[in-house]
Amino acid sequence: MSRQTSPPGGSGPLPAAAQKAAPGSAGKTGSSPGGPGGPAFLGHMGRVRNLGLFAVLVLLCVVGALTSDNFATSQNALVILSSAAVIGVITIGQSFVIIGGGIDLSVGAIVALASVWCTTVATQSYGLGGMILCALVVGAVVGLVNGVIIAYGRIVAFITTIAMMASARGLAERISDRQSQVVTVQSFNSIASTRFLGIPLLVYILAVAVAAGWVLLNRTTFGRRTFAIGGNQEAARLAGLGVRRHTLLLYVLSGLCCGIAAVMLTARTTSGASNLGNLYELDSIAAVIIGGTLLTGGRGSLVGSILGVLVFTTITNIFVLNNLTTDIQQIAKGLIIVAAVLIQRRGRKGATP
């Protein structure tokens with residue numbers, strides 16, 4: 001995905017001032033559309049980056065097949081996809097927020113809170129629909145609170161979402177009394193066990209979420225405004241874009257994704273608990289960075305983010321199959337993140353004429 005204000009195939013142009021000041025545009029860099037720094041060049045770089053990630057994923061699969069007899073099986077492939085589904089949905093929301101120039105460190109805590117709230121005895125009495133609705137509403141409302149504080153309270157996203165991370169996790173512990181709440185609604189648990197054509201329903205949910213997110217980011221005004229605001233918020237404001245309202249909506253979207261993930265994770269574990277979603281904020285941010293999205297905003301790709309999720313999930317799977325300790329997994333992930341950031345920096349220097 002190029003760092004552009006209006007992705008190809010959009011439904012209409014942004015105000016001229018926003019296009020002129022948008023990151024990666026010829027108006028800002030003085031370069032031609034196809035030259036270094038232009039949208040065409042950055043789009044090409046995005047495609048190359050995604051191909052590189054795919055090559056890394058293929059290499060990891062080769063390593064996994066060589067190091068474990070259980071890796072190259074259809075059952076293990078489904079395990080990897082199912083494991084990637086939950087964090088993948090969260091990463092979609094995180095991608096929108098980071099492309100828009102923000103960050104959400106509260107996603108793991110939101111998952112825990114939504115999970116606990118939707119599995120209380122009172123909520124379970126409303127059945128499958130009530131539980132799902134509760135999780136989605138809790139996620140969206142917490143995202144709304146984040147968005148209001150950041151957009152209208154003008155408190156930086158880092159501080160706001162850290163505060164929400166602590167508050168939401170604490171509220172989840174309060175509601176559950178630090179006890180796991182067993183799900184007694186079997187139709188809810190079947191969300192994780194149901195398969196179509198041999199593929200888990202969780203994977204289909206991820207596929208639908210990715211498709212919807214891709215269309216929203218690349219084929220709508222909402223997506224173009226996200227790129228514009230993330231690339232140059234002041235220029236977007238001067239161009240007449242509703243920066244505050246859009247920022248609020250980005251965090252609501254992130255919270256909604258957390259609510260969906262909470263449903264998926266709770267169904268997998270058949271219980272709600274305040275410790276669910278631990279470190280998901282780091283995993284989602286890492287996947288977004290690996291996927292080529294700039295932490296400063298204005299450029300990113302959902303395809304790259306999902307490839308990042310698959311890379312990390314595959315690494316974890318290989319480590320588990322080879323009985324390697326979690327500390328080695330964390331070291332490997334840390335090195336990958338640092339390498340990705342360094343590559344991003346070199347790519348940005350190469351795109352500057």
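Please read these numbers as outputs of a predicted model, since none were measured by experiment.

A. Highlighting the confidence of the model for the protein. The predicted model of the protein averages 84 in pLDDT, with 83% of residues at 70 or higher. Segment residues 1–12: pLDDT under 50, and 48 contacts once partners within four positions in sequence are set aside and those in other chains are kept. Counting contacts from residues 20–39, a segment whose pLDDT is below 50, to residues more than four positions away or on other chains yields 46 contacts.

B. Up close: the environment of Thr91. Along the polypeptide, Thr91 turns up in helix α4 (residues 74–99). Every residue in contact with Thr91, bar those within four places of it in the chain, is listed here: Ser284, Ala287, Val288, Ser305 and Val309.

C. Representation of the side chain of Thr313 in the model. Along the chain, the position of Thr313 falls in helix α15 (residues 302–321). There is a polar contact of 2.7 Å between the side chain of Thr313 and the backbone oxygen of Val309. With residues up to four places along the chain from it excluded, the contact list for Thr313 reads Ile80, Ser83 and Ala84.

D. Looking closely at helix α5 (residues 107–118). Taking 1.5 Å of rise per residue, the 12 residues of α5 would be expected to cover 16 Å, and the 16 Å separating its terminal C-alpha atoms lies within 8% of that figure. Within α5, 11 of the 12 residues are buried, leaving the element largely enclosed by the surrounding structure. The complete set of buried residues in α5 reads Val107, Gly108, Ala109, Ile110, Val111, Ala112, Leu113, Ala114, Ser115, Val116 and Cys118.

E. Here's a closer look at the pattern of salt bridges. Evaluated as defined, the whole model comprises 2 salt bridges. Between Arg237 and Glu234 there is a salt bridge, with its nearest N and O atoms 2.4 Å apart. Taken as a pair, Arg237 and Glu234 lie in helix α12 (residues 233–238) at a separation of 3 residues, close to a single helical turn. Its relative accessible area of 47% is what places Arg237 among the partly exposed residues.

F. View of the packing of aromatic side chains. Per the stated rule, a full pass over the model turns up 2 aromatic pairs. Consider the rings of Phe96 and Phe222, whose centres lie 6.3 Å apart with planes at 50°: the pair is tilted. Residue Phe96 is located in helix α4, and its partner Phe222 is located in helix α11 (residues 221–231); the two are separated by 126 residues in the primary sequence. Overall, the relative accessible area of 1% leaves Phe96 in the buried class. Consider the rings of Phe196 and Tyr204, whose centres lie 6.1 Å apart with planes at 75°: the pair is edge-to-face. Classification of Phe196 as partly exposed rests on a relative accessible area of 45%. Since its relative accessible area comes to 29%, Tyr204 is described here as partly exposed.

Cut-offs and rules
Residues numbered from 1 in each chain as written. Predicted model: local features only at pLDDT ≥ 70, side-chain atom pairs only at ≥ 80, totals over all residues. Heavy atoms only, no water. pLDDT = per-residue confidence, 0-100. Contact = heavy atoms within 4.5 Å. Helix = DSSP H or I, 4+ residues; strand = E, 2+ residues; numbered from the N terminus. Polar contact = N/O pair within 3.5 Å; in protein donor to acceptor, adjacent residues only side chain to side chain. Expected span 1.5 Å × (residues − 1). Buried < 20%, exposed > 50% of the residue type's maximum accessible area, 1.4 Å probe, protein only. Salt bridge = Lys/Arg side-chain N within 4 Å of Asp/Glu carboxyl O. Phe/Tyr/Trp six-rings, centres within 6.5 Å; stacked < 30°, edge-to-face > 60°.

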